[in-house]
Amino acid sequence: AQRVTQPEKLLSVFKGAPVELKCNYSYSGSPELFWYVQYSRQRLQLLLRHISRESIKGFTADLNKGETSFHLKKPFAQEEDSAMYYCALRVSGFQKLVFGTGTRLLVSP
Amino acid sequence: NAGVTQTPKFQVLKTGQSMTLQCAQDMNHEYMSWYRQDPGMGLRLIHYSVGAGITDQGEVPNGYNVSRSTTEDFPLRLLSAAPSQTSVYFCASKKVGADASYEQYFGPGTRLTVT
């Protein structure tokens, strides 16, 4: 079965520090990976997709098929990055998304 | 566009009561889904639908029913509420197709408490 693992429930950093939110997946085929973010009192929204290979709000994520990982990185964290981050996997041929358990990022001044 | 809307925002039920959580989208999306969000468990898929008249079970379907009579609406029914169904419920939708974005749009959530 497909699974997404986010090992950290909480990640606390200071403003300006680098951030890496870990995501590992288990799936034998070609996955599509996503990061979704939920800011306080807002709805979940897409942050980025591995297919796009883009940087959004300074965040990047590279799909590493050898390590089955899709870690989210930002070189310099900002206070406004504080939020809940979910990694998600879409299995080829299906529409549904499988989500990880989420990591809460707290960026302190 | 209103996007994905959910009602009610908050609900308190007694054990054994039934109710329907409403979800609607005005983006003509074929795919709609329901998740529950619990601390430490992340988002778990309850039911989903790839079009009107088609529904399927997700990871945690027990105790919930869905139907999809129109493209716009995807209500979630709790048949006999239990305290274990206390959670935040999210509805989501997305377009399907080779040229469609794969972004899933979420509603604002319904916070349900079962006593």
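For the structure itself, consult the block above.
A quick note: this is a predicted structure, and the numbers were derived from the prediction, not measured.

**Student:** Just give me the short version of the sheet that holds strand 7 (residues 60–61) of chain A, but keep the residues and values in it.
**Tutor:** One key point about sheets: their strands pair by backbone hydrogen bonds, in either a parallel or an antiparallel sense. Residues and elements named next belong to chain A. With antiparallel pairing, the three strands of this open sheet are ordered in space as 3-8-7. Across the chains shown, the open sheet's two edge strands, defined by having one partner strand only, are strand 3 (19–21) and strand 7. In terms of strand pairing, strand 3 meets strand 8 (residues 72–74) through three bridges, oriented antiparallel. Residue pairing in the sheet places Glu-20 in a bridge with Lys-73 of strand 8.

**Student:** Tell me about unusual backbone geometry, and name the residues and values.
**Tutor:** What you tend to see is this: most non-glycine residues have negative phi, and most peptide bonds are trans. With an omega dihedral of -5°, the bond running from Thr-7 of chain B to Pro-8 of chain B counts as a cis peptide bond. Along the polypeptide, Pro-8 of chain B turns up in the loop between strand 1 (4–7) and strand 2 (10–13). If you check the backbone angles, Thr-68 of chain A has positive phi at about 45° while not being a glycine. Along the chain, the position of Thr-68 of chain A falls in the loop between strand 7 and strand 8. Take Thr-68 of chain A: its relative accessible area is 27%, and that puts it in the partly exposed class.

Cut-offs used in this document
- Residues numbered from 1 in each chain as written.
- Chains lettered and ligands numbered in written order.
- Predicted model: local features only at pLDDT ≥ 70, side-chain atom pairs only at ≥ 80, totals over all residues.
- Heavy atoms only, no water.
- Pairing = 2+ DSSP bridges.
- Helix = DSSP H or I, 4+ residues; strand = E, 2+ residues; numbered from the N terminus.
- Buried < 20%, exposed > 50% of the residue type's maximum accessible area, 1.4 Å probe, protein only.

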